[in-house]
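Observations on chain architecture
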Amino acid sequence: MDKDRFQKVYSQGLVNVAEILVDTQTGVNYLYYWSGNGGGLTPLLDRDGKPVITAVGGGPERS
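Below, the structure is looked at part by part.

The rules behind these values
Residues numbered from 1 in each chain as written. Predicted model: local features only at pLDDT ≥ 70, side-chain atom pairs only at ≥ 80, totals over all residues. Heavy atoms only, no water. Salt bridge = Lys/Arg side-chain N within 4 Å of Asp/Glu carboxyl O. Helix = DSSP H or I, 4+ residues; strand = E, 2+ residues; numbered from the N terminus. Buried < 20%, exposed > 50% of the residue type's maximum accessible area, 1.4 Å probe, protein only. Pairing = 2+ DSSP bridges. Axes fitted to C-alpha atoms, helices over the stretch in contact; angles between N-to-C directions. Phe/Tyr/Trp six-rings, centres within 6.5 Å; stacked < 30°, edge-to-face > 60°.

**Section: the pattern of salt bridges**
Tallying each qualifying case throughout the model produces two salt bridges. Across the pair D23 and R5 runs a salt bridge whose closest N-O atoms are separated by 2.9 Å. Taken together, the residues D23 in strand β2 (residues 16-23) and R5 in the segment before β1 (6-12) connect sequence positions 18 residues apart. Given a relative accessible area of 2%, D23 falls into the buried group. Linking K8 and E19 is a salt bridge whose minimum nitrogen-to-oxygen distance equals 3.4 Å. Of this pair, K8 sits in strand β1 while E19 sits in strand β2, and the two are 11 residues apart along the sequence.

Take a look at the structure:
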């Protein structure tokens, strides 16, 4: 495999961590949050409730 499917594009925090991951095959952005022993992953949504999509090889776009 040439590259990883998920690419981390943003990260904040040391104890309570929030990261944005992009699926390099579909362009869908995901929010990953973890704190202590728990965490979760969910699609990142825009204000209209639609998933945030990053164009392959480009900037953010809406679906």
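**With respect to the sheet that holds β1**
As summarised here, the arrangement of the four strands in space is β1-β2-β3-β4, forming an open sheet in which the pairing is antiparallel. Pairing within the sheet leaves two strands with one partner each, and these edge strands are β1 and β4 (38-43). Averaged over all pairs of adjacent strands, the angle between strand axes in this sheet comes to 20 degrees, irrespective of strand direction.

**Some thoughts on the packing of aromatic side chains**
Enumeration over the complete set of coordinates arrives at one aromatic pair. Both rings, one in F6 and one in Y30, keep their centres 6.2 Å apart while their planes meet at 70 degrees; by these two values the pair is edge-to-face. Placement of the pair is F6 in strand β1 and Y30 in strand β3 (residues 29-35), with a sequence separation of 24 residues. Owing to a relative accessible area of 44%, F6 belongs among the partly exposed residues under this scheme.

**Let's talk about the pairing of β2**
Counting buried positions along β2 yields seven of eight residues, so the element is predominantly enclosed. Bridge count between β1 and β2: six bridges; the pairing is antiparallel. Following the sheet pairing, Q7 is matched in β2 by V22. From the end of β1 to the start of β2, which pair antiparallel, there are three residues, and G13 there has a positive phi angle of about 95 degrees. Pairing of β2 with β3, which is carried by seven bridges, proceeds in the antiparallel orientation. If you follow V17 over to β3, its bridge partner there is W34. In sequence, β2 turns back onto β3 through a hairpin of five residues, with G27 there showing a positive phi of about 85 degrees.

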